[in-house]
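# Observations on chain architecture
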Protein chains: 2
Amino acid sequence: MSGSLLIAWQLKDKHVLVVGGGQVASSRVEHALAAGAIVTVVSPAQGLSEHTKSLIATDSNYNRILFRDRTFLSTDLDDADMVLAAIDDVDLSRDIGTSCRARRIPVNVADDPSYCDFYFGSQIRRGPLQVMVSTNGKSPKLANIIRRRIEDSIPQGAGEAIEKVGLLRDKLRERSPQVGGEASKRRMKWVVELCTSWEMDDLAGLDDVQIERLLNEGWERDVVPSRDSFVDDDQ
Amino acid sequence: MSGSLLIAWQLKDKHVLVVGGGQVASSRVEHALAAGAIVTVVSPAQGLSEHTKSLIATDSNYNRILFRDRTFLSTDLDDADMVLAAIDDVDLSRDIGTSCRARRIPVNVADDPSYCDFYFGSQIRRGPLQVMVSTNGKSPKLANIIRRRIEDSIPQGAGEAIEKVGLLRDKLRERSPQVGGEASKRRMKWVVELCTSWEMDDLAGLDDVQIERLLNEGWERDVVPSRDSFVDDDQ
């Protein structure tokens, strides 16, 4: 049995075309916006769900959603980097799928796997942390049950901890900007030791002042202070 | 802060070009094969890691890997549905990235995010169950720690349970082949009730005879037998 290749597709400032405005379309819009895309929704206004309407209304100041109150036209594909179709019209869905394939635009047609370059799974998001659970179409319900167990297993501060370690790594690269070789190995080793010896909640609790102190008293002296010693110093 | 769109890319019988033969390349080859792809590895033989060599050698009877003992040529892109570059040559990497963009072939260039349409995350696989953890590049180490916690939280029989429920849904569709509407709602409701009222280990333990019985005594009578009553009957 073969599975899928799970990947994190980059959509920052890319154009995503969502065809349809119902419940499924609204979830597509949300995912695309969360990934940083510029979204065009094509759907007759009467086909919009409340959720889609509110997403469009909320966006008014940010210009991340363009709404076209009409049915799909093939010219809509012209500037699309990705197409997500979520309409009930099976024939139109397949036309869209076929046109996208011909133009090599990545496409997902809801409820029609044979016209999909990719599927969506059950998703978790906590700040920069993203998790996807896929059962390769075999059981969405079990995917859901497993997703919930996974949610419970993710430490409370995980999203925040990742954010802080990301910040720390940025500052480390400023202090030690060499790419590759020994410098990058030493940076990696220090960060790995910090991540393994500190609890996630402690990493999550780091503020800017503490991050500076960690770099001065830890990185510069080539040690990773224990969280306890670091906190005690603080008092 | 924007993230990624996590998706399950479909590679069954698609052509994946892996440029390079080292450690990273070998992991790309494994992922692509597991997703059902036909893989071409382009690399001078002296650049192959032991792992890549063994993947190529193991494949000899299946014809899922084609090995080209030479450096990359632009004609390698001609039949590629996806390109994964994992070589040390920064300039060649970028050339490959640029050519893929021009031809709209999805591409990942190892260690060069700006030439990547997508990234890989930390992955878990248990049969048809696949999970990916991404920290959007902020902390691979924390992604790893979280992946291990998630692995512990996934019930032992999860992969097997998904396989069995997938089988059950196939047989259900044979008995009740209507697409959409009431029939598909009734099927979905019955499967959801089964998945929520039975433990994952019990679902995992279903054999073909029991699946037939479940359909005859459960589905046909519009009930979901409790696992206990079902097992008791068996004795």
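Quick caveat: nothing in here was measured; it's all calculated off a predicted structure.

## Concerning helix α3 (residues 90-103) of chain B
Residue and element names in this part refer to chain B. Between its first and last C-alpha, α3 extends 20 Å over 14 residues, near the 20 Å set by a 1.5 Å rise per residue. Within α3 the residues assigned to the buried category are S93, I96, G97 and C100. Buried residues of α3, viewed axially, fall in a sector of 100°; they line one side. Exposed residues pointing more than 90 degrees away from the buried face of α3 are listed as D91 and A102. As for α3, its buried residues are in contact with β2 (15-19), β5 (82-85) and β6 (107-109). By the N-cap criterion, in which a side-chain oxygen at the helix start approaches the backbone nitrogen of a residue two or three places on, α3 is capped by D89, the distance to D91 being 3.1 Å. Positioned one or two residues after α3, R104 has a phi angle of 55°, which is positive.

## Quick word on the domain arrangement of chain A
All names here are of chain A. Each domain of chain A was delimited in the assignment, giving domain 1 (1-120), domain 2 (121-154) and domain 3 (158-234). Computed over C-alpha atoms, the centres of domain 1 and domain 2 are 22 Å apart. Contact residues are listed per partner, giving eight residues for domain 1 and seven residues for domain 2. The interface formed by domain 1 and domain 2 contains zero salt bridges. The interface formed by domain 1 and domain 2 holds two residue pairs in polar contact (both at pLDDT 80 or more) in total.

## Some thoughts on the packing of aromatic side chains
A full pass over the atoms with the stated rule returns nine aromatic pairs over all chains. Ring centres of W9(A) and W9(B) lie 5.0 Å apart, and the angle between their planes is 5°; on these two criteria the pair is classed as stacked. In this pair, W9(A) is assigned in strand β1 (residues 5-9) and W9(B) in strand β1 (residues 5-9), connecting two distinct chains. W9(B) gets classed as buried once you look at its relative accessible area, which sits at 6%. Chaining the aromatic ring pairs together yields one cluster made of W9(A), F118(A), F120(A), W9(B), F118(B) and F120(B). Between the NZ or CZ atom of R186(A) and the centre of the ring of W219(A), over which it lies, the distance is 3.7 Å.

Quick notes on the rules
- Residues numbered from 1 in each chain as written.
- Chains lettered and ligands numbered in written order.
- Predicted model: local features only at pLDDT ≥ 70, side-chain atom pairs only at ≥ 80, totals over all residues.
- Heavy atoms only, no water.
- Helix = DSSP H or I, 4+ residues; strand = E, 2+ residues; numbered from the N terminus.
- Expected span 1.5 Å × (residues − 1).
- Buried < 20%, exposed > 50% of the residue type's maximum accessible area, 1.4 Å probe, protein only.
- Arc of directions from axis to C-beta.
- Contact = heavy atoms within 4.5 Å.
- Polar contact = N/O pair within 3.5 Å; in protein donor to acceptor, adjacent residues only side chain to side chain.
- Domains from an automatic or database assignment.
- Salt bridge = Lys/Arg side-chain N within 4 Å of Asp/Glu carboxyl O.
- Phe/Tyr/Trp six-rings, centres within 6.5 Å; stacked < 30°, edge-to-face > 60°.
- Lys NZ or Arg CZ within 6 Å of the ring centre and 35° of its normal.

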